[in-house]
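Given next are the chains, with one letter for each unit.
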Amino acid sequence: MYEGLHRIDWASMKHAYGTAEEVPALLRALRSPQAEERREALERVSAPAPGPR
């Protein structure tokens, strides 16, 4: 499922908080056997986007 993630230039992509380079690690963490690691990743990916500036 994650075999192609390393081929994507995540640092060149942006999301609401900056570059998307942490996305592969967050996706992997969401499938972690460790509940705390999953919880933290879920908090990061479900955090509300910042409002307009």
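Residues numbered from 1 in each chain as written. Predicted model: local features only at pLDDT ≥ 70, side-chain atom pairs only at ≥ 80, totals over all residues. Heavy atoms only, no water.

Observations regarding the environment of E36
Topologically, E36 is positioned in helix α2 (residues 35-45). Here E36 falls in the partly exposed class, since its relative accessible area comes to 42%. Residues E36 and P24, twelve residues apart in the sequence, show an inter-C-alpha distance of 18 Å. (Helix = DSSP H or I, 4+ residues; strand = E, 2+ residues; numbered from the N terminus. Buried < 20%, exposed > 50% of the residue type's maximum accessible area, 1.4 Å probe, protein only.)

Structural notes on the pattern of salt bridges
Any two side chains of opposite charge can pair, given that their charged atoms come close. What the rule picks out here adds up to three salt bridges. For R44, the salt bridge is made with E22, and the minimal N-O distance between the two is 3.3 Å. In this pair, R44 is assigned in helix α2 and E22 in the loop between β2 (18-19) and α1 (23-29), connecting sequence segments 22 residues apart. The salt bridge involving E43 is made with R39; its shortest N-O contact spans 2.3 Å. One end of the pair is E43 and the other is R39, both in helix α2 and four residues apart, which spans about a single turn. For R39, a relative accessible area of 37% corresponds to the partly exposed category. A network of salt bridges, in which partner residues are shared, links E36, R39 and E43. (Salt bridge = Lys/Arg side-chain N within 4 Å of Asp/Glu carboxyl O.)

Topic: the side chain of S32
Relative to the elements of secondary structure, S32 occurs in the loop between α1 and α2. Of the residues examined, S32 reaches a relative accessible area of 7% and is grouped as buried. Side-chain polar atoms of S32 contact the side chain of E37, separated by 2.7 Å. Apart from residues no more than four positions distant in its own chain, S32 is found in contact with E37 and R38. (Polar contact = N/O pair within 3.5 Å; in protein donor to acceptor, adjacent residues only side chain to side chain. Contact = heavy atoms within 4.5 Å.)

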